[in-house]
Every structure is written in C-alpha cells, then in structure tokens.
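Chain residues, written in single-letter form:
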Amino acid sequence: MVEYHEAADVHDLFGEPHCKPDDDQEYLEKFISTMTRESDGRVQIRLPRNANFRGNLTTNVHVGEARFKRTMEFILRGSPEAEQYVKAVTELLDNFTEEIDYDAVVAGGGLYCELPMHPVINMNSETTRCRPVMDASACDRGKVPLNKYLAAGPMLRKWQTVKSFLLADIKKAFMQVSIHPEDRNLLIIRWYKMNPDGSWTTVFRRFHRMAWGVVSAPFCLMAVNLFLYEQHALEVPADRPR
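None of these values were measured; they are calculated from a predicted model.

**Some points on the layout of surface pockets**
The probe, sized like a water molecule, is rolled over the atoms to show the empty space still left.
Reasoning step 1: By volume, the second largest pocket is sized at about 220 Å³.
Reasoning step 2: A total of five residues in the lining of the second largest pocket trace back to one element, the largest contributor, which is helix α4 (residues 80-96).
Reasoning step 3: Residues that form the lining of the second largest pocket fall into these classes: seven nonpolar, one polar and three charged.

Encoded structure:
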C-alpha cells in the first residue's frame, strides 16, 4: 500500500513552520532566514522541500545495494581507473561526510535516503579518467526519488538588475555549504572498509556538506553566496561603491 503525504505532513519547507511563499523573492527571503553560522563562520542550511511532494520518499535500500555490488566488482578488478575512483571517493568521504550507525537510523523512524554512487569513466580526459557520481534521482520501485522530495528553488536573476555583481571560482563550491544535522540522513552514502583478511565490510556515512547531484544544490549555493555578499556588503564604507 502506498501512503500519500503533503509536504507539511512529512517535513515543512525549510525545517520551520510550514510556509508556501507567494513569489521567488519571498521564497528566497524565507530560505535565507533559516540559515545559521557555525563557529568557524561556515553557513549551515536546511534542505528546501518541495511543497507539491506526494508519495513515499525512497530509502534506496535496493537500488543502492545493487549499484554498490557492481561498484565493488569494478573496484576489485584493480584497474588504474578503479584506483583513481577509490582515491577520489576516499578524499570526498574523509573531508565531507561522517560515519553513522545505519541500523540506528532505520530504527529511528525518521526520513532517510541513500544516494547511490557509481563511477563514470572518461578515457579522453588527461587528468580525471574516473570520477564518482551520486544519483539523487534514483528510487526503489513504487517510491519517489529524493530529487522529487526536495525543491529546486527559484531562479535567482537579481544580478540582471544591478550595476555590478561578484564572480568567484570556488573550489568544491557545493562542499563549502554545511547541512543541518536533522537533514543529513537524506544524504547517506554506502562505502566499504577492508578487513585484515582481505575481505571487506559495508559501512554507511552521510554528508554534512551539500552533495552535488541533489536538485537543490545550485539554488542553495547561490542563496548562500547572496547571504554572505549581503552581510559583507554592509562592511563596505558608505563612500565606496558596492
């Protein structure tokens, strides 16, 4: 049996009292109002929900397991591309995720979702022939994917109406945005740990930073940049152009 929920029944839009903004500007202002700053100054956000969401959010237990099995077969072949993939994923997980007790998450009764991850090979690349890709559009049969549960957010076109704007090339830009602890179980990753006898054990981690492949990521990054710009613009002396 499939249960249907409105967004307000499952989660509200931004982890605050349910609100369906009337226009893009109100949506942006509401989203920014939920942002907080961590002790190091990093901005922490709530993942925006889709107000029109209907259905059961997938946990990706089955599709995640199937893709992970194929990925392990690829890794155990020991090719140069496999080694590059393991190195890239290890760096990603060491810096931007935290280990979790998966059974405790499941038993907790809250929403959770695995991001199936797999390698993509590009033999024409001179630098990165194999990279990890996370699929937030994947779902188990009869369920709704994470990218339908979350909101893409409005298009931000404010830069088109101002005299000047800021351009920046931010390294691992999405990963600079922190995710609120209550939303991190929506960004679970399945990986492995090698045992002394040569076998491996499945481990689960979750992102504490924004993961690419998530439909909300571009909007969230732009909103965080706007939030920081507006804050620091206030520090510019009044006699200097902003």
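**Description of the pattern of salt bridges**
Reasoning step 1: Under the definition given, this model contains nine salt bridges.
Reasoning step 2: The salt bridge partner of arginine 205 is glutamate 99, with a shortest N-O separation of 3.9 Å. Of this pair, arginine 205 sits in strand β8 (residues 200-207) while glutamate 99 sits in strand β3 (residues 97-99), and the two are 106 residues apart along the sequence.
Reasoning step 3: A residue is classified by how much of its surface remains accessible, and arginine 205, at 17% relative accessible area, is buried.
Reasoning step 4: By relative accessible area, which is 53% here, glutamate 99 ends up exposed.

**Details of the sheet that holds strand β2 (residues 43-45)**
Reasoning step 1: Spatially, β1-β2-β6 is the arrangement adopted by the three strands of the open sheet, whose pairing is mixed. Both edges of this open sheet fall to β1 (36-37) and β6 (178-179), since each of them pairs with a single strand only.
Reasoning step 2: Relative to β2, β1 runs antiparallel, the two sharing two bridges. Looking at the pairing, arginine 37 lines up with valine 43 of β2.

Calculation notes
- Residues numbered from 1 in each chain as written.
- Predicted model: local features only at pLDDT ≥ 70, side-chain atom pairs only at ≥ 80, totals over all residues.
- Heavy atoms only, no water.
- 1 Å grid on protein atoms, 1.4 Å probe; cavity = no way out; pocket = protein on both sides within 12 Å on 5 of 7 lines; lining within 4 Å.
- Points joined across faces, edges and corners; volume = space filled by probe spheres on them.
- Helix = DSSP H or I, 4+ residues; strand = E, 2+ residues; numbered from the N terminus.
- Nonpolar A, V, L, I, M, F, W, Y, C, P; charged D, E, K, R; others polar.
- Salt bridge = Lys/Arg side-chain N within 4 Å of Asp/Glu carboxyl O.
- Buried < 20%, exposed > 50% of the residue type's maximum accessible area, 1.4 Å probe, protein only.
- Pairing = 2+ DSSP bridges.

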